[in-house]
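Chain by chain, the residues run as shown.
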Amino acid sequence: PVQTTKTSVHGAINMLGLAKRTGARILQASTSEVYGDPEVHPQREDYVGHVNPIGPRSCYDEGKRCAETLFFDYRRQHNMPIKVARIFNTFGPRMHVNDGRVVSNFINQALAGVDITIYGDGTQTRSFCYVDDLVRGLLALMDSPEGFTGPVNLGNTGEMTIREMAELIIGMTKSSSRLVFKPLPEDDPMQRQPDISLAKQELNWEPVISLEEGLQNTIEYFMQKQAA
C-alpha cells in the first residue's frame, strides 16, 4: 500500500518536471476518491472531502490528493498549463480480468456461475461511467482553454446501489449466481455521485452511453476473453 502513494506522488513530480522542461500541457487523472466518504451529495469540485488520512484506504486517497496539490503548485509557481480530472467509477471492454473492480468482479463471477460477493449490505451507491464517455471528457478537457485547469468531475450521474448493479449483471448474463454478503471494509464510501455541472458548462460534455449498453459491450468482451 505504501508504494501506491509513492508512485502517485513521485510519478506526478517526474511528469511535472518533464512537462515544465518541454512546455507541454499535462493531465492529472485524479479520482473521486479525493472526496473520501463524502458528507456532501452529490459531490461538487469545491467540496474538500472527508478522508481519513491514516485509514487502510488512505494511501490511494491521499496519494491522489497530494498529486493534485503538486499540479496546482506548479501552476502557481511556473504558470504551467495543467488539467485535473476527477474520474468516477469507469468500466468497459479491455478491463483487466482480475483488476478487482466491482464491475469486472461481478461479471466474472456471474459468467462463472459462482456466488457474487458484495461487501456490506449492498446499499452503498456508485455512479458508473462507460469508458468511451470518459475518453471524450478527457479529450474535451485537454482541448479546453488554458485558463480552465479543473479540477473537473468526469462521471455518470446515474447513481445506483451495489446490489442493484449485481442483480442487473446477473439478469443480463442469465446467470445462476447468488449474492453473498461480507463485512464492509473500513472507510468504504457509502455514497458516490458526481455533480457534472462544471463539465457541462466548460466542456459541453456529459455521458451519452446508457449503463445497459455499456454493460452489454463489457460482458461480451469478458465472454470473448473466457472463450479465447
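Refer to the preceding data block for the structure.
Residues numbered from 1 in each chain as written. Predicted model: local features only at pLDDT ≥ 70, side-chain atom pairs only at ≥ 80, totals over all residues. Heavy atoms only, no water.

1. Details of the packing of aromatic side chains
Evaluation of the coordinates by the stated rule reveals four aromatic pairs. On the numbers, 6.0 Å between centres and 20° between planes, the contact of Tyr35 with Tyr47 is stacked. Note that Tyr35 is positioned in the loop between β1 (26-31) and α2 (58-78) and Tyr47 in the loop between β1 and α2, a separation of twelve residues in sequence. Across the pair, exposure class does not vary: Tyr35 and Tyr47 are buried alike. (Phe/Tyr/Trp six-rings, centres within 6.5 Å; stacked < 30°, edge-to-face > 60°. Helix = DSSP H or I, 4+ residues; strand = E, 2+ residues; numbered from the N terminus. Buried < 20%, exposed > 50% of the residue type's maximum accessible area, 1.4 Å probe, protein only.)

2. Considering α2
A rise of 1.5 Å per residue sets the reference length of α2, with its 21 residues, at 30 Å; its end C-alpha atoms lie 29 Å apart and thus fit the reference within 8%. Residues of α2 that are buried: Ser58, Cys59, Asp61, Gly63, Lys64, Ala67, Glu68, Leu70, Phe71, Phe72, Tyr74 and Arg75. Looking one or two residues past α2, Asn79 carries a phi angle of roughly 55°, positive in sign. (Expected span 1.5 Å × (residues − 1).)

3. Details of the pattern of salt bridges
Overall, the coordinates contain 14 salt bridges when judged by the stated rule. Close ionic contact of Arg57 with Glu33 constitutes a salt bridge, the shortest N to O distance being 2.7 Å. Highlighted residues: Arg57 in the loop between β1 and α2 and Glu33 in the loop between β1 and α2, separated in sequence by 24 residues. Taking relative accessible area as the criterion, Arg57 reaches 24% and is therefore assigned partly exposed. The class of Glu33 is buried, set by a relative accessible area of 13%. Here Glu68 ties to Arg86 by a salt bridge, and the two come within 2.7 Å at their closest N and O atoms. (Salt bridge = Lys/Arg side-chain N within 4 Å of Asp/Glu carboxyl O.)

4. Re the sheet that holds strand β7 (residues 152-154)
If you walk across this open sheet you meet the three strands as β1-β2-β7, and the pairing is parallel. A strand with exactly one partner marks an edge of an open sheet, and here the two such strands are β1 and β7. Averaged over neighbouring strand pairs, the angle between their axes works out to 35° when direction is ignored. As paired strands, strand β2 (residues 82-87) and β7 are joined by three bridges and run parallel to one another. Looking at the pairing, Arg86 lines up with Asn153 of β7. Contacts between α2 and the sheet are confined to β1 and β2, with β1 contributing the most and set at about 150° to the helix. (Pairing = 2+ DSSP bridges. Axes fitted to C-alpha atoms, helices over the stretch in contact; angles between N-to-C directions. Contact = heavy atoms within 4.5 Å.)

5. Description of the layout of surface pockets
Counted as a void, the largest pocket has a volume near 990 Å³. Here the lining of the largest pocket gets five residues from one element, more than from any other, and that element is helix α3 (residues 102-112). Tallied by class, the residues present in the lining of the largest pocket amount to 15 nonpolar, ten polar and eight charged. Quantified by volume, the second largest pocket comes out at close to 180 Å³. Of all the elements, α2 adds the most residues to the lining of the second largest pocket, at three residues. (1 Å grid on protein atoms, 1.4 Å probe; cavity = no way out; pocket = protein on both sides within 12 Å on 5 of 7 lines; lining within 4 Å. Points joined across faces, edges and corners; volume = space filled by probe spheres on them. Nonpolar A, V, L, I, M, F, W, Y, C, P; charged D, E, K, R; others polar.)

6. Examining the side chain of Asn156
With respect to the element layout, Asn156 can be found in the loop between β7 and β8 (159-161). Engagement of the side chain of Asn156 in a polar contact is seen with the backbone nitrogen of Gly158, the distance being 2.9 Å. Not counting residues up to four positions away in its chain, the partners in contact with Asn156 are Ser127, Phe128, Cys129, Pro194, Pro207 and Ile209. (Polar contact = N/O pair within 3.5 Å; in protein donor to acceptor, adjacent residues only side chain to side chain.)

7. Details of the environment of Leu184
As for its position among the elements, Leu184 is in the loop between β9 (179-182) and α6 (197-203). The exposure class of Leu184 is partly exposed, given its relative accessible area of 32%. Counting along the chain gives 63 residues from Leu184 to Asp121, while the straight-line C-alpha distance between them is 7.9 Å. Leu184 has contacts with Tyr119, Gly120, Gln124 and Met190, leaving out every residue within four places of it along the chain.

Geometry only, nothing functional implied.
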